[in-house]
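# Structural overview
So you can see what is in the structure, the chains are spelled out below.
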Amino acid sequence: MSKKNSQEGKILDAAYKLFLEKGYRHTTMDEISASLGISKKTLYKYYPGKLELLEASFEVLKLKMSSKVEAILENKYISFPLKLKSTLTVVANHLAPINPELFEDVREHAHDIWEEMKVYINESAYLRFQKLIKQGVEQGLVNPGININLVVMLYASAVQSLLDPKFIGQFPESIQKGMKLSPSEIFDQAISIIYNGILTEEARNDFANA
């Protein structure tokens with residue numbers, strides 16, 4: 001890695017950490033440069049503004065998620081239940097730290113980046129998940145009577161609970177108050193319910209032991 005790329009990586013790590021802590025709107029270029037111990041002038045040599053830093057941070061996130069999920073799906077030596085579990089872990093580990101308020105911030109103040117993230121999640125998370133469920137049906141590990149597209153939509157709802165505060169906000173207050181779970185716990189429980197509902201008994205046993 002060149003010195004320039006190394007410095008860019010450090011800048012993105014610092015910026016992303018602040019975005020997670022404070023949100024996009026409340027993070028300033030002064031804070032990012034101060035956290036790195038560099039001048040704002042030096043920071044601007046690498047990135048012309050906060051929007052470009054946010055976009056580059058999400059690009060790194062998408063690249064990490066894609067490469068890990070692809071490696072799991074293409075590995076012929078991993079069982080189907082373990083592929084399901086590993087894919088869920090990758091998505092949860094990368095999306096759960098991003099609190100819904102940051103996504104709300106991005107949707108309101110960085111609309112183009114929000115749209116790019118939605119397209120990425122549609123193509124990467126949902127279509128890959130659909131492909132994986134189809135493989136399970138072909139291998140006799142997923143109940144063939146299950147509507148695959150419905151399963152993908154249920155999975156999408158679990159992901160959306162991580163990304164969009166308005167999703168949970170649409171439910172009655174009594175239900176919202178009963179959801180005393182972190183985003184990652186919501187995701188994990190929803191996925192467990194889905195998987196246990198679609199897998200054959202043999203696959204469920206493998207999934208439980210994976």
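Residues numbered from 1 in each chain as written. Predicted model: local features only at pLDDT ≥ 70, side-chain atom pairs only at ≥ 80, totals over all residues. Heavy atoms only, no water.

Naming follows an unreviewed UniProt entry, where the protein appears as Transcriptional regulator, TetR family of Algoriphagus halophilus.

## Thoughts on helix H7 (residues 111–138)
With 28 residues, H7 should reach 40 Å at 1.5 Å per residue; the first-to-last C-alpha distance of 40 Å fits that figure. The largest bend in H7 amounts to roughly 30° and is located at Ile 121. Within two residues after H7, Gly 140 carries a phi angle of roughly 75°, on the positive side. (Helix = DSSP H or I, 4+ residues; strand = E, 2+ residues; numbered from the N terminus. Expected span 1.5 Å × (residues − 1). Bend = angle between axes of the 7 residues up to and from the residue.)

## Overview of the nonpolar core
Leu 53, Phe 58, Tyr 155, Phe 187 and Tyr 195 are the most contacted members of the largest nonpolar core, which totals 58 residues. For this core, the secondary-structure elements that each account for two or more residues are helix H1 (3–22), helix H2 (29–36), helix H4 (50–74), helix H5 (80–95), helix H6 (100–109), H7, helix H8 (148–163) and helix H11 (183–198). In terms of residue count, the dominant contributor to this core is H7 (10 residues). (Core = buried A, V, L, I, M, F, W, Y, C linked by side-chain atoms within 4.5 Å. Buried < 20%, exposed > 50% of the residue type's maximum accessible area, 1.4 Å probe, protein only.)

## Focus on the UniProt feature "domain: HTH tetR-type" (unreviewed entry) in the protein
In this numbering, the UniProt entry assigns the feature "domain: HTH tetR-type" (unreviewed entry) to residues 5–65. Helix and strand shares over residues 5–65 are 80% and 0% respectively, and the end C-alpha atoms of the span are 20 Å apart. (UniProt positions renumbered as here; feature names shortened; annotations may be inferred.)

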